[in-house]
Amino acid sequence: MFAVLRIPGFALQAILRVEPAALASQPVVLLAEGRRGATVALCNDAAQAAGVRPGHSVPRAQAHCPNLVVRTAQPALEQEAETALLAAGFSITPQVELTAPGVCTLGLEHLPSHRRAPAVDRALGELAALRLHATAGFAATPLLALYAARCAAPGRVVTGDRAFLAPLPIATAEPPADLAPILTAWGIHTLGQLTALPKSDVAQRLGREGLALWERAAGATIRPLNVVAPSRDFVATYACEHEMETLEPLLFILRRFVDRLALELRNAHQAALAVELELNLADDTRHTRSIRLPEPVTNPELLFRALQTHLETVRTAAPIVGVQLRLEPGRSQVRQQGLFDGGLRDPHGFADTLARVMALVGSDRVGRPMSLNTHRPDAFTLEAPPPALAPLPDGFTHPPRGLALRRFRPPAPAKVELDGRTPAYVWTAEGEGAVVATAGPWHSSGEWWEAYRHWQHEEWDVEFAAGGFYRLRREPTGWLLEGEYD
Amino acid sequence: MSDYVELHAASAFSFLRGASLPEQLAEAAGQLGLPALALLDRDGVYGAPRLYASANEHKIRPLVGAEITLADGSVLPLLVQNRTGYQNLCRLISTAKLKERPTELRPDNLAPSEDPHARKRRCFASWEEIAAHATGLIALTGDEEGPLCRAWQRGGADAVATALVPLKTIFGPDRLHVEIQRHRVRGEETVVEMLVALAARERLPLLATGGALYAEQSHRIVADVFACLRNHTTLDAGGRLLSANENRHLYSAAHMQTLFRDHPAAVANTARLAGELEFTLKNLGYRFPDFPVPSGESMETVLHDRVYEGARKRYRTLMPAVCQQIGKELALINRLGFPGYFLIVWDICRWCREEKQTLVQGRGSAANSIVCYALEITAVDPIEHKLLFERFLSEGRQGVDGHPSWPDIDLDLPSGDRREATIQEIYQRYGQRGAAMVANVITYRGRSASREVGKVLGLADDVLDRFSALYANGDFPQTLGLTEQLKASGLSDAHPRMPAMLALCGHLRQHALPRHLGQHSGGMVLCPGRLDEIVPVENASMPGRTVVQWDKDDCEDLGLVKIDFLGLGMMAVLQDCRALCHARGRPFELYEVPLDDAATYKMMQDADTIGVFQIESRAQMATLPKIMPAKFYDVVIEVAIVRPGPIVGQLTSPLLRRRAGKEKIVCLDPEVHDALLGTLERTYGVVLFQEQMLSVAMKLAGFSGSEAEELRRALGFHRNDERLKRVTEKLRTAMLARGHSERVTQKVADSVATFALYGFPESHAFSFGLLAYVSTWLKVHRLAEFYAGLLNNQPMGFYSPATLVQDGRRHGLRTKPICVQRSDWDCTVEDDHTIRLGLRYLTGLREAHARLLLAARAQRPFDSLNDFLRRVPLPAAERRALAAVGAFAGLTSHRRAALWQVEAAWSADESLLQSVDAGPETIPLPAMSFVERVQADFAGLNLTTGPHPMQLVRDRLRDLWRATDLALGRDGERVVIGGSVICRQRPGTAKGVVFISLEDETGVANAIVRAELFERLRMVINEAPALRITGRLQNQMGVVHVQAENIARLEIDEVPLQASHDFH
């Protein structure tokens, strides 16, 4: 006996489960990129009720339903939902196969027959708690169980094959893309209509694929399960499609993570000793935090509360672009510090400290300076140190670079007396002097397309009577002594 | 005279580099007091005619040159010294553009993905080619992209010495100048010092240039945008690809003397060198080819003989008026030296008709000439229709700077292969370098340009999508202001990039900077010798075509003769129809069709014109019952009046009211009524045609023939508005000086502005009117042949084949489905009321395979489906497609039986079994239902030859008015209509109003949707394939519309519908 757990509209459900619950009651569609642009791939019940169908273009779908909510596929969330589905499967049996996205097949031979249905019901309940609405089908073969799951609401047991199969739409047997239009042209819309055709004639016309389809339509396929192993690494990861700037969407995602990881821990008969949280930020930095729990727990509420308490005190310097949550599994409260632990005892704490420093001085002031690709003088950005320094590029450039400039940071405001358009005398807070020689001016300007960032400079190289070569910069707001040449 | 001349400027015709038009450079140079300006565009002289045309006005001498890309990617500036030099430059560029390159010779800057053999590959010249064309040219060492600076950056002084060798060898010390530029960019001084030292060492003259990329500082933003487009990046990511500052503009002599005060000779040398450059485009040396005549004859005598021979054929009896007009025209043609031109066009038309059996008809002002009529170039009799010959040809016609302006002869040919054959014949006659297509400069003006700018600015795709969607379509003018358009696209006033977007789009809209070079729709220039010595020739994207670097206005300005070979779908229909009629014993000739056929006019009056030329659109059909055409000139008016120009100029309503006798005829204004009566009487006092506009200008402003010619050219000059503004002002001044009131003057000025919006010349309207009339006549009298011709030349016109088939059905024409035993590739006529759909309509069936089928059938008919499968080895998909649309009817019991059998066909590798003829087989599939057959028809043919799909669902749509019943409704009555949407139209002239056409089994119903309702229901209206529209019936003067009040989807998903033709 086999059971199939199936999540209808899997890719869409995977997204909706991390969004506010109210969204699920609105018409929502998931788009897929096609040859002629994006089309509706999946739609929820509300969208379907409004007349939206898979294959509709977005404008056509919106013509049916003006308040349509549109989402695009998020593989990371699908991965997460798939792991949750497997966890639900492992709560019943270790014989679990990931058959297709949103579909897992369970081998139930070892389970007494009277415990099968309650176990599957419980798994459906676990999935519902994870905000995944699944159906289940029972049958003597994996294929029939899958068909049963496809037309179950929420569960269905199949015994009489022929009567069950005959009215099912032909799409149930998943005809190959090149055969589907032929069958439609033949007027074949159900499995029964297909199996009514002589098998040999179908094989003659549609070849090996047609024969396989006919057999699938007859439900006769028997195969062993390709069993997957349960995860021993209690990790959940998510790379956001859109940056998260507020706490609420992050908590939605973490809640789903915690629910699924807690289920996996329970399946493995373990408990969480610590929670490790890592937030990847848009500025390529990370916020990580390890929360040691007072005692091992599997209760998702407690785990979530620990995270929530921590996050309410956190202010990240940049939006969040990725999340990772790891539960440290353990069996009891008994735990010993590692004998050879060295270096940073708490690297996450160090990162936390760095984040606090960043909060004090600003995210743009922590890192390694890198020059920017612009004509703007002295334009740089700060980047995280690379794992290794890149080698210098080969090649010969002319002219060679001139004298090295020691920049004043910040540049010294200056007052300049002009002789015509040429600097003749310079005052700064540090001193003053007559200019005996000049070179320039050099003009540069840029970012004219940005109303608040455009800039315009005029540069002069000057030699003072008292000695020394300096660079002067003129901006619309005044003169600056920018640095001294070596 | 100024001591400085800018000898290295580039315009926007250095595509995606220069940021100003040649005219803007000329204006700036004039304002700066420069005596001359040399335009050196990249690999071309694209902008030279425009600089030349505006140079006089700004009192500068327009010097010619070009930057030539070398194989290593560096760029060599060349200046033209004399005509030989110009000819060499043109040939050098043509060679660089046309010559196939060996694969190993790739320019350094060619991306690995670029094919060096591609027709539009990056062009470059080798040193050998430069040496072969160096006479008469002067070389500069170039700017930062020049060979010396590139060598310096790459390898220092040694590399510079090596790079100088070929330059010195080819040009010598007297024709090579070391060019220095200062743009106030840190680091450039090292280069200047290097070049100055080099010049001293090599005893070469120094030359200071500005390397101008734009006329004024404010254009730098465009140069930066172009740099991004060229490098496929955005402004944010552009970095050092963008310019460091805004100093690449034109400078005055004083500025350059200050900038180069340490090298005064470099500035002074510019004036000296400019003095040595004697060539301008005035010395182009172009002449039109002669027509070869037998010895002892002259072109004049041959033309005389051909004209009289043709006139006798056309008129049969030569009346004195005809002879007099012919004599007058021939005398003028001979005096102006144009007989060769007429003979060449005559010979092309003769070749089309006699050797290629191709229909050809002249359009445009040639229709005013009896010579053209007699030579069978045109089909409209100018004597009968009182057309003004002077509009076509007069002694006052001159181009820029006294170049002769040749008359226009535009030829309409059947679109497609037949037109291409004619173009290739011209190449054959004059050689690949003796004839070429005229260029069409694609400009940064429309939606794609703004979209590109938006992308460069990093604006979101959804904003740009909305911005693009708000552009007017087709011929209709853009009426939405730029700011409003941006706001409506979702870009708020506060957006930090709003000012930049406004500035850039405003600049591009106003100046229409060139984007790339396309080819004109059909214009060709001819030359007796080498055209590539007059203007560089390059490959067009289309194989077998070459294109010159100038557009039609440039060619006209410089006296190059252009002949237009235009493709018209309706000409192809007429030709096919004529052939079918001849084959069926019902021949007709275009010029023999009687122009007084009552049934033809009745069809027009009933607006029953689906499928006919021009007057089939919704707007035309709404006007026909008001015009009520009863004579040919009414058709001419009908063709001309439903155009954006007359609509925007609000000419339509007065003309219709006056024609209906509801308004007194006033010729423009009571003040000038008497003076203009003779000119405007035919059009009820309204200035409808361009000829009338010119005549009004001559009568009211006293314009001379050449001034009228200036006005005519300004009206047809769409490049920018400046020329029109100037001539309008001249007209106003002249009218006021002659004592006309401000009111009348303003009315005339308004008319001029209206005509710039695509007004028709009367002769053109005659040519198009004739096609409209003849196509209607054919629909009345040659129904089957006409529809067969129409269906064989799709896509064209306003309606889809599905609508045409249904329209034919309503006129008693039966369209039979595709049949392997009967159908040809084209649709064929079976009898006067029956046509057979051609195999061309079957989606997925390749023509070569269809020809195999036809060849097999020609041997003997198929006696069974297995016989067909055995003898016609088609791919499975094509067999299936034939079976699905019922093409095996007669060979099988039903479509599904055929579908079942074709799948059992043995594959090619089982040929042994093909000889085994399977016996009768039981078909396990049921026959298709009626709806399934219609669905299969639409899936395979995009139409059905059976009843209209609406007929299948009519029983459950009893509340809908049928299209045909609307004419019986009361004006103002509330009605509900429904059907498949065959057209959505939102003309820019209609203030946001949308016109929707719904088709049902009885015909087409039209609805008018207010802008507000459209905006509210935009998605439903644009996306639903069938609509249910509730509204008030407007039934006035035979024109029936529904003023929509509510619109919803018509839920008839069970039946398939055709796709709509949309214009919004």
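Residues numbered from 1 in each chain as written. Chains lettered and ligands numbered in written order. Predicted model: local features only at pLDDT ≥ 70, side-chain atom pairs only at ≥ 80, totals over all residues. Heavy atoms only, no water.

J.: For the overall build of chain A, give the residues involved together with the corresponding values.
T.: On a plain count of helices and strands, chain A comes out with 14 helices and 20 strands. Long-range contacts, defined here as pairs at least 24 residues apart, represent 58% of the contacts in chain A between residues at least 6 apart. Counting only carbon and sulfur atoms, one obtains 54% of the accessible surface of chain A, whose full area is about 25600 Å². (Helix = DSSP H or I, 4+ residues; strand = E, 2+ residues; numbered from the N terminus. Contact = heavy atoms within 4.5 Å. Areas by Shrake-Rupley, 256 points an atom, 1.4 Å probe, with all protein chains shown as cover.)

J.: Go over the overall build of chain B with me, naming the residues and quoting the values.
T.: A tally of regular secondary structure across chain B gives 43 helices and 23 strands. Relative to a compact globule of 1064 residues, whose C-alpha radius of gyration would be 31 Å, chain B shows 33 Å and is just as compact. C-alpha extents for chain B along the principal axes are approximately 95 × 85 × 75 Å. Residues classed as buried in chain B amount to 60% of the 1064 residues present. (Rg over C-alpha atoms; globule rule 2.2 N^0.38 Å. Buried < 20%, exposed > 50% of the residue type's maximum accessible area, 1.4 Å probe, protein only.)

J.: Account for the sheet that holds strand β16 (residues 828-831) of chain B, naming residues and giving values.
T.: Each strand in a sheet pairs with its neighbour through backbone hydrogen bonds, running either in the same direction (parallel) or in the opposite one (antiparallel). Residue and element names in this part refer to chain B. In space, the three strands of this open sheet follow the order β15-β17-β16, with mixed pairing throughout. At either margin of the open sheet sits one strand with a lone partner, and together these are β15 (814-816) and β16. Direction aside, neighbouring strands of the sheet carry axes that sit 30° apart on average. Two elements, β15 and strand β17 (residues 834-836), share three bridges in a ladder whose sense is parallel. Bridge pairing in β17 links T815 to I835. (Pairing = 2+ DSSP bridges. Axes fitted to C-alpha atoms, helices over the stretch in contact; angles between N-to-C directions.)

J.: How would you explain the side chain of S74(B) if you had to name every residue and give the values?
T.: Residue and element names in this part refer to chain B. Within the secondary structure layout, S74 lies in the loop between β3 (61-69) and β4 (75-80). For S74, a relative accessible area of 0% corresponds to the buried category. Looking at S74, its side chain comes within polar contact range of the side chain of D72, at 2.6 Å. With sequence-adjacent residues up to four places away left out, S74 is seen in contact with I68, T69, E145, G146, P147 and R150. (Polar contact = N/O pair within 3.5 Å; in protein donor to acceptor, adjacent residues only side chain to side chain.)

J.: Let's hear about the nonpolar core: which residues, and what values?
T.: Formed by 143 residues in total, the largest nonpolar core has its most connected members in Y86(B), F171(B), F342(B), I409(B), L411(B) and L560(B). Here the element with the most residues in this core is helix α5 (residues 147-171) of chain B; it accounts for 11 residues. Contact partners of F342(B), with chain neighbours within four places excluded, come to L303(B), I333(B), V371(B), C372(B), L375(B), I377(B), F392(B), L393(B) and I409(B). Counting 139 residues, the second-largest nonpolar core is a separate cluster that includes L213(A), A379(B), A802(B) and L941(B). (Core = buried A, V, L, I, M, F, W, Y, C linked by side-chain atoms within 4.5 Å.)

J.: Which residues make up the confidence of the model for chain B, and what are the values?
T.: With 92% of its residues at a pLDDT of 70 or more, chain B shows a mean pLDDT of 87. Throughout residues 911-917 of chain B the model reports pLDDT below 50, and contacts reaching past four residues in sequence, or to other chains, amount to seven contacts. (pLDDT = per-residue confidence, 0-100.)

J.: Quick rundown of empty space enclosed by the protein? Include the residues and the values.
T.: All names here are of chain B. As enumerated under the stated definition, the model contains two cavities of 30 Å³ or more in all. In this structure, the largest cavity encloses a volume near 60 Å³. Around the largest cavity, the lining residues are A802, Q806, F938, L943, T944, H948, P949, S980, E999, L1057 and Q1058. Of the residues that constitute the lining of the largest cavity, the class distribution is five nonpolar, five polar and one charged. Forming the walls of the second largest cavity are I610, R618, M621, Y799, S997, V1004 and N1006. Elements that contribute at least two residues to the lining of the second largest cavity include exactly α23 (618-627) and β20 (1003-1009). Split by residue class, the lining of the second largest cavity holds four nonpolar, two polar and one charged. (1 Å grid on protein atoms, 1.4 Å probe; cavity = no way out; pocket = protein on both sides within 12 Å on 5 of 7 lines; lining within 4 Å. Points joined across faces, edges and corners; volume = space filled by probe spheres on them. Nonpolar A, V, L, I, M, F, W, Y, C, P; charged D, E, K, R; others polar.)

J.: Lay out the interface of chain A and chain B in plain terms, naming residues and giving numbers.
T.: Chain A puts 45 residues into the contact, and the matching count from chain B is 51 residues. Here chain A packs against chain B, burying approximately 3900 Å² in sum over the two surfaces, 54% of which is carbon and sulfur. Inspection of the region where chain A meets chain B yields four salt bridges. For E459(A), the salt bridge is made with R186(B), and the minimal N-O distance between the two is 2.8 Å. For the interface between chain A and chain B, the tally reads 20 residue pairs in polar contact (both at pLDDT 80 or more). When residues of the side of chain A that touches chain B are traced back to their parent elements, those giving at least two are α4 (58-64), α9 (180-186), α11 (199-217), β17 (432-446) and β18 (455-464) of chain A. Counting residues per element, the side of chain A that touches chain B draws most heavily on β17(A), which supplies seven residues. Tallied by class, the residues present in the side of chain A that touches chain B amount to 18 nonpolar, 19 polar and eight charged. (Buried area = accessible area lost by both parts, 1.4 Å probe. Salt bridge = Lys/Arg side-chain N within 4 Å of Asp/Glu carboxyl O.)

J.: Got a sec to walk through the side chain of E80(A)? Specific residues and values, please.
T.: Residues and elements named next belong to chain A. One can find E80 in helix α5 (residues 75-90). The exposure class of E80 is buried, given its relative accessible area of 3%. The contact partners of E80, leaving out residues within four places of it in the chain, are R17, A236, R256, F257 and R260.

J.: Give me the sheet that holds strand β12 (residues 537-539) of chain B: which residues, what numbers.
T.: All names here are of chain B. Spatial strand order, β8-β9-β14-β11-β10-β13-β12: seven strands in an open sheet with mixed pairing. Since the sheet does not close on itself, it has two edges, and those belong to β8 (361-363) and β12, each with one partner. On average, each strand axis in the sheet is inclined to that of its neighbour by 50°, with strand direction left out of account. When β12 meets strand β13 (residues 546-551), the two strands line up antiparallel, connected through three bridges. Pairing of N539 across the sheet is with T546, part of β13.

J.: Pulling in residues and values, what's your account of the pattern of salt bridges?
T.: Residue and element names in this part refer to chain B. According to the stated counting rule, one finds 106 salt bridges over all chains in the structure shown. Of the charged contacts in the structure, one is a salt bridge between E785 and R586, with a shortest N-O distance of 2.8 Å. In this pair, E785 sits in helix α33 (residues 783-791) while R586 sits in the loop between α21 (569-583) and α22 (598-605), placing the two residues 199 residues apart along the sequence. The closest approach of N and O atoms between K631 and D634, which form a salt bridge, is 3.3 Å. For D634, a relative accessible area of 2% puts it in the buried group.

J.: Talk me through the packing of aromatic side chains; I want residue IDs and the actual numbers.
T.: Taken as a whole, this structure holds 25 aromatic pairs over all chains when the rule is applied. Judged by centre distance (5.9 Å) and plane angle (75°), the ring pair of Y341(B) and F342(B) falls under edge-to-face. The structure contains a cluster of three or more aromatic residues connected by ring pairs, namely Y601(B), F632(B), Y633(B), F689(B), F766(B) and Y773(B). Between R205(A) and the ring centre of W900(B), over which it is positioned, the NZ or CZ distance is 3.9 Å. In this structure, R618(B) is placed above the aromatic ring of F995(B), and the distance from its NZ or CZ to the ring centre is 3.5 Å. (Phe/Tyr/Trp six-rings, centres within 6.5 Å; stacked < 30°, edge-to-face > 60°. Lys NZ or Arg CZ within 6 Å of the ring centre and 35° of its normal.)

J.: Tell me about helix α32 (residues 762-781) of chain B, and please be specific about residues and values.
T.: For the α-helix, the turn length of 3.6 residues means that residues three or four positions removed from each other point alike. Helix length check: α32(B) (20 residues) gives 28 Å between terminal C-alpha atoms against 28 Å at 1.5 Å per residue, within 8%. Of all 20 residues in α32(B), 18 are buried, a share of seventy percent or more. (Expected span 1.5 Å × (residues − 1).)

J.: So what's going on with the environment of G137(A)? Residues and values would help.
T.: Residues and elements named next belong to chain A. Position of G137 relative to the elements: it lies in strand β7 (residues 135-139). Through-space distance from the C-alpha of G137 to that of R376 is 66 Å; in sequence the pair is 239 residues apart. Discounting residues that sit within four places of it in the chain, G137 has contacts with F2, A3, V4, A145, A148, A149 and R156.

J.: Before we move on, can you summarise the pairing of strand β10 (residues 271-281) of chain A with the specific residues and values?
T.: All names here are of chain A. The element β10 is extensively covered by neighbouring structure, given that nine of its 11 residues are classed as buried. Across 10 bridges, the pairing between β10 and strand β12 (residues 320-330) is antiparallel. The partner of L281 across the bridge, within β12, is I320.

J.: Account for the packing of helix α24 (residues 632-641) of chain B against α32(B), naming residues and giving values.
T.: All names here are of chain B. At a minimum axis distance of 8 Å, the contact between α24 and α32 shows a crossing angle of 110°. Taken together, the axes of α24 and α32 lie roughly perpendicular to each other. Residues F632, Y633, V635, V636, V639 and A640 of α24 form the contact with α32, whose own contacting residues are E762, A765, F766, F768, G769, L770, A772 and Y773. Broken down by class, the residue content of the contact of α24 with α32 amounts to 12 nonpolar, one polar and one charged. (Parallel < 35°, antiparallel > 145°, perpendicular 65-115°, else oblique.)

J.: Outline unusual backbone geometry, supporting the account with residue identities and numerical values.
T.: Cis peptide bonds are those with omega within 30 degrees of zero, and the linkage from R409(A) to P410(A) qualifies with -5°. Within the element layout of this structure, P410(A) appears in strand β15 (residues 405-419). The phi dihedral of K59(B) is positive, around 55°, even though this residue is not glycine. Following the sequence through the fold, K59(B) ends up in the loop between α2 (48-58) and β3. Even without a glycine there, the phi angle at Q357(B) is positive, about 50°. Note on placement: Q357(B) falls in the loop between α13 (339-355) and β8.

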